[in-house]
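Listed below are the residues making up each chain.
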Amino acid sequence: MNFKLFILGLSIVLFVRCQPSQTDPLTPVLPIPDERQLAWQGMEFYAFAHFNMNTFTNMEWGLGDEDPSMFNPTDFDPKQWAKVCKEAGMKGIIITAKHHDGFCLWPTATTEHSVKNAAWKDGKGDIIKEVAEAFRAEGLKFGVYLSPWDRNNADYGTPKYVETFRAQLRELLTNYGEVFEVWFDGANGGSGYYGGANEERRVDKKSYYDWPTTFAMIRELQPNAVVFGDAGPDVRWVGNEHGFAYESTWSNLLRDSVYAGMPEYSKKYSRGQENGTHWVPAEADVSIRPGWYYHPYEDHKVKTLPQLLDIYYNSIGRNSSLLLNFPVDKTGQIHENDVTQLMKLVDKVKEDFSQKIPLKSSNLSASSENGDYVVENLLSSEMKSSWSPASGDGPATVTIDFDEVQTFNRFLVQENISLGQRVKSFELEIQNENGEWKSIAKETTIGYKRILRLPETKTTAVKFTIHDAKDSPVISHLAFYDAPKLLLPPAVDRDKNGTVKLNVVEEGVQVYYSLDGKDPVQSGKVYTQEFEVMLPTKLMAVTKDPISGKFSEVIEVNLQLAKKNWTVVGGDENSGNLIDEDPSTNYISNQNIATIDLGEKQEVSGFTYYPMQNRYLSGLIKTYVFYTSVDGNNWQKAAEGEFGNIANSPIEQRIEFDQRSARFIQLKAKSTTDDQPASFAELGVLLTE
Ligand code: FUL
């Protein structure tokens, strides 16, 4: 071949290939994810374990002055953690190798504040090693949380500490095999023990840690690990601890404007930005309980299935990963209540996506196609197989013509993010019998994955329109599912006046109930509106899906005397909280006493005390005396005793005594769990049947 011609040909090819074209979907829209971010994105769902000194001191943030010997799990079993995670389809775990109190879960050379000096295994144990091995054995990944803040270390606040911090990280990233994520908390600086100084130490969060040097070290030691922080560099905080990403969630971030722990982060940056300069996708971190660490008094507060489902759809369904935390308990295992709730979530998610509306290429047509980016590529969930329209011919649409009428309530769509996040707004329409299109959803971003929970929708055709995008959209997958209804028994809500509401989480289900102790379905009472129950009554209720004919479990609630005519005697402006039937509001009595006028004489044979349900508890009554009176002047003692284990298990307490006539009742706290004034969420009476 003529050499000149060859060079000319080559330069034309090079010229064409190097020219960024607006129409060629192969041209990435920057920023784009790197390989490690793409691998991480595919994990979607993985575990967080908060297990450290706080587990044994019942704290959320230890001060750093704890005696290391206190770390002593009685039955540490990371194989149980790994089995649970594996069964749940989680892809790995991140463990709190060191939390703010500075206690290290591995025998580090950098401090004495570690498992080396724990009672556990006579100081010969290594939690990190055992967890890493247990997860690897199940084919799961392993990651580390290392708190930059160290309330134990005497050098915290000086450059020397930053060296120590880095040495700790080096140990973790060198001695325990492959690490998939390194997690840096934005919380740092404040009061602490600091080697005995017991003082407040603030650092300049922007400059103190010299993050670029640390990041370079991570790249050198663990090139495949993503680094999490408010400012990434690889994965960013979602900006809240509820596990919720946003309806508009960009993986692009104005990264250079952000630093870890900045006060305005959540409001200004956590959603990402359309014009973000770097690819830093969101990770939603949330605990399965109110606290990050284990507290026995939260055993009854594990998140409910509807709460967990909201978390799932609002994180994984909104272009974020989900990092779900287990506060590992004092035995060293994931508590059975947490496992039960986790598996409920996992089973329901499986069920939600088990009925996929069948699609084949003849069901799909697009406004246009660009080269190989043909519309049938949408059928495969492989990211690289995508559809993209030829540009310049109006909004890009895909019409899905089902072969017959279909019913669905979930829509799943994914962008081929390897070419950048592009879609700014999209819409779903369905076709009615007259061939007209009706809009059922108008949304903004898609990103790696977007899932819409829709009302039950019946149609023969759907139109998916992308109204606005940063460049030609590149969609890798779409699918429709018909998720069975969430069949939970109704939540019973009864107010002070005795009005009962039976609330369900899903629309379109039926509720049956009975007030005579008989099976609610047999009783045939269908709930249509609120009703009144004034006297002690056994309420039974059940939910039915009219489509499948399936029932939920039956719920049974023993309603007590309605508090309609009750008044609080003495007390203050908050004493109404005592009898408002709302356990989330409290009455605090400096006199450690609550007195109630029942409005008329009743035959009383017991009382109920509902303790405070706040995140941080105070004034729970430990020992008590309960009095009754007919006239409000002469009081008789009806019961006296202790609410055993109330600090650990603050659930409603029920005390029975010999029947007596009473118009007035009084609960007196002889002592409280923390010597603070007595707190009451609710007080009630049990009547003789
Ligand atoms: C926060 C910490 O302060 C909490 O204790 C917990 O570790 C959570 C994941 O991050 O910033």
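Residues numbered from 1 in each chain as written. Predicted model: local features only at pLDDT ≥ 70, side-chain atom pairs only at ≥ 80, totals over all residues. Heavy atoms only, no water.

Under an unreviewed UniProt entry, the protein has the name alpha-L-fucosidase and belongs to Cyclobacterium qasimii. As stated in UniProt under Sequence similarities (unreviewed entry), the record for the protein gives "Belongs to the glycosyl hydrolase 29 family." (UniProt positions renumbered as here; feature names shortened; annotations may be inferred.)

S.K.: Can you explain the packing of aromatic side chains? Please cite residues and give values.
M.R.: Under the criterion given, the structure shown has 50 aromatic pairs. Ring plane angle 85 degrees and centroid distance 5.5 Å describe the contact between Tyr312 and Tyr313, whose orientation is recorded as edge-to-face. A relative accessible area of 10% means that Tyr312 is categorised as buried. On the basis of relative accessible area, Tyr313 is assigned to the buried category, the value being 3%. Joined through ring pairs, the aromatic side chains of Tyr156, Tyr161, Phe165, Phe184, Tyr194, Tyr208, Tyr209, Trp211 and Phe215 make up one cluster. (Phe/Tyr/Trp six-rings, centres within 6.5 Å; stacked < 30°, edge-to-face > 60°. Buried < 20%, exposed > 50% of the residue type's maximum accessible area, 1.4 Å probe, protein only.)

S.K.: Please give an account of the nonpolar core that cites residues and values.
M.R.: One finds Phe71, Trp81, Ile127, Phe142 and Leu342 to be the most contacted residues of the largest nonpolar core, which totals 82 residues. Counting residues domain by domain, this core receives three or more from each of domain 1 (10-25 + 359-481) and domain 2 (46-334). If you look at the next biggest cluster of nonpolar residues, it comprises 32 residues, including Trp566, Phe626, Ala662 and Leu667. (Core = buried A, V, L, I, M, F, W, Y, C linked by side-chain atoms within 4.5 Å. Domains from an automatic or database assignment.)

S.K.: Can you lay out the side chain of Asn363 for me, pointing to particular residues and giving the numbers?
M.R.: Checked against the element boundaries, Asn363 lands in the loop between α10 (336-352) and β13 (364-366). A relative accessible area of 2% places Asn363 in the buried class. At 2.7 Å, the side chain of Asn363 forms a polar contact with the backbone nitrogen of Lys360. When sequence neighbours within four positions are dropped, the list of residues in contact with Asn363 reads Pro358, Thr399, Ile400, Asp401, Phe402 and Asp403. (Helix = DSSP H or I, 4+ residues; strand = E, 2+ residues; numbered from the N terminus. Polar contact = N/O pair within 3.5 Å; in protein donor to acceptor, adjacent residues only side chain to side chain. Contact = heavy atoms within 4.5 Å.)

S.K.: Requested: an account of the pairing of strand β7 (residues 226-229), with residues and values cited.
M.R.: Side-chain alternation along β7 places Val226 and Phe228 on one buried face and Val227 and Gly229 on a second face that is also buried. When strand β4 (residues 181-183) meets β7, the two strands line up parallel, connected through three bridges. Paired with Glu181 across the two strands is Val226, which belongs to β7. Pairing between β7 and strand β8 (residues 235-237): two bridges, direction parallel. Each residue of the ladder has a partner; that of Phe228, found in β8, is Val235. (Pairing = 2+ DSSP bridges.)

S.K.: Lay out empty space enclosed by the protein in plain terms, naming residues and giving numbers.
M.R.: All chains considered together, the criterion is met by one cavity of 30 Å³ or more. Of the volumes computed, that of the largest cavity is approximately 30 Å³. Within the lining of the largest cavity, the residues separate by chemical class into two nonpolar, three polar and two charged. (1 Å grid on protein atoms, 1.4 Å probe; cavity = no way out; pocket = protein on both sides within 12 Å on 5 of 7 lines; lining within 4 Å. Points joined across faces, edges and corners; volume = space filled by probe spheres on them. Nonpolar A, V, L, I, M, F, W, Y, C, P; charged D, E, K, R; others polar.)

S.K.: Any chance you could break down the packing of helix α4 (residues 78-87) against helix α5 (residues 127-137) for me, citing the residues and the numbers?
M.R.: Describing two packed helices takes the angle between their axes plus the distance from one axis to the other. Interaxial distance between α4 and α5 falls to 8 Å at its minimum, and their mutual angle equals 35 degrees. At the point where α4 passes α5, the crossing takes the right-handed sense. Note on element contacts: α5 touches α4 through Glu130, Val131, Ala134 and Phe135, opposite Pro78, Lys79, Trp81, Ala82 and Cys85. Classifying every residue of the contact of α4 with α5 gives seven nonpolar, no polar and two charged. (Axes fitted to C-alpha atoms, helices over the stretch in contact; angles between N-to-C directions. Left-handed = near helix turned anticlockwise from the far one by under 90°.)

S.K.: Could you give an account of helix α9 (residues 305-315), with specific residues and numbers?
M.R.: Counting buried positions along α9 gives nine out of 11 residues, so the element sits mostly inside the fold. Buried within α9 are the following residues: Leu305, Pro306, Leu308, Leu309, Ile311, Tyr312, Tyr313, Asn314 and Ser315. The secondary structure elements touched by the buried residues of α9 are β11 (282-287), β12 (320-327), α10, β14 (396-415) and β17 (450-469).

S.K.: Can you tell me about the confidence of the model for the protein, naming the residues and giving the values?
M.R.: The share of residues in the protein with pLDDT of 70 or more is 96%, and the mean pLDDT across the chain is 94. Note on residues 1-23: pLDDT under 50 across the span, and eight contacts to partners over four residues away in sequence or across chains. (pLDDT = per-residue confidence, 0-100.)

S.K.: Can you tell me about the sheet that holds strand β25 (residues 555-559), naming the residues and giving the values?
M.R.: Overall, antiparallel pairing links the four strands, which are arranged β22-β21-β24-β25 in an open sheet. Looking at the sheet topology across the chains shown, the edges are occupied by β22 (525-526) and β25. By the bridge criterion, two bridges tie strand β21 (residues 510-514) to β22 in an arrangement that is antiparallel. Within the sheet, the bridge partner assigned to Tyr513 lies in β22 and is Lys525.

S.K.: If you had to explain the side chain of Asp126 to someone new, which residues and values would you point to?
M.R.: Looking at where Asp126 falls in the secondary structure, it is placed in the loop between β2 (92-98) and α5. Buried within the structure, Asp126 lacks any salt-bridge partner; its nearest side chain of opposite charge belongs to Lys129, at an N-O separation of 6.5 Å. Within the local environment of Asp126, its side chain forms a polar contact with the side chain of Tyr176, the two groups lying 2.7 Å apart. Ignoring any residue separated from it by four or fewer positions in sequence, one finds Asp126 in contact with Leu105, Trp106, Pro107, Trp120 and Tyr176. (Lys, Arg positive; Asp, Glu negative; His and termini not counted. Salt bridge = Lys/Arg side-chain N within 4 Å of Asp/Glu carboxyl O.)

S.K.: Report on the UniProt feature "domain: F5/8 type C" (unreviewed entry) in the protein, specifying residues and quantitative values.
M.R.: As annotated by UniProt and renumbered to match this structure, "domain: F5/8 type C" (unreviewed entry) occupies residues 346-440 and 595-688. Summarising residues 595-688: 0% helix, 66% strand, and an end-to-end C-alpha distance of 20 Å.

S.K.: Tell me about the sheet that holds β2, and please be specific about residues and values.
M.R.: Taken in spatial order, the eight strands of this closed barrel run β1-β2-β3-β4-β7-β8-β11-β12, and their pairing is parallel. Put simply, the sheet's adjacent strands are angled 25 degrees from each other on average, direction ignored. Note: β2 against strand β3 (residues 141-146), six bridges, orientation parallel. Within the sheet, the bridge partner assigned to Lys98 lies in β3 and is Leu146. Running over the sheet, α5 touches β2 and β3 and is turned about 180 degrees from β2. Contacts from α10 reach β1 (45-50) and β12, with the element oriented near 155 degrees to β12.

S.K.: Tell me about the site of the ligand, residues and numbers included.
M.R.: Every residue lining the ligand is accounted for by Phe48, His50, Trp61, His99, His100, Tyr145, Trp183, Asp185, Ala187, Glu241, Asp285 and Trp292. Within the side chain of His99, one N or O atom sits 2.9 Å away from an oxygen atom of the ligand. Relative to its free-state accessible area of 290 Å², the ligand is covered by the protein chains to the extent of 91%. Grouping the constituent residues of the shell around the ligand by class yields six nonpolar, three polar and three charged. (Near = heavy atom within 4 Å. Areas by Shrake-Rupley, 256 points an atom, 1.4 Å probe, with all protein chains shown as cover.)

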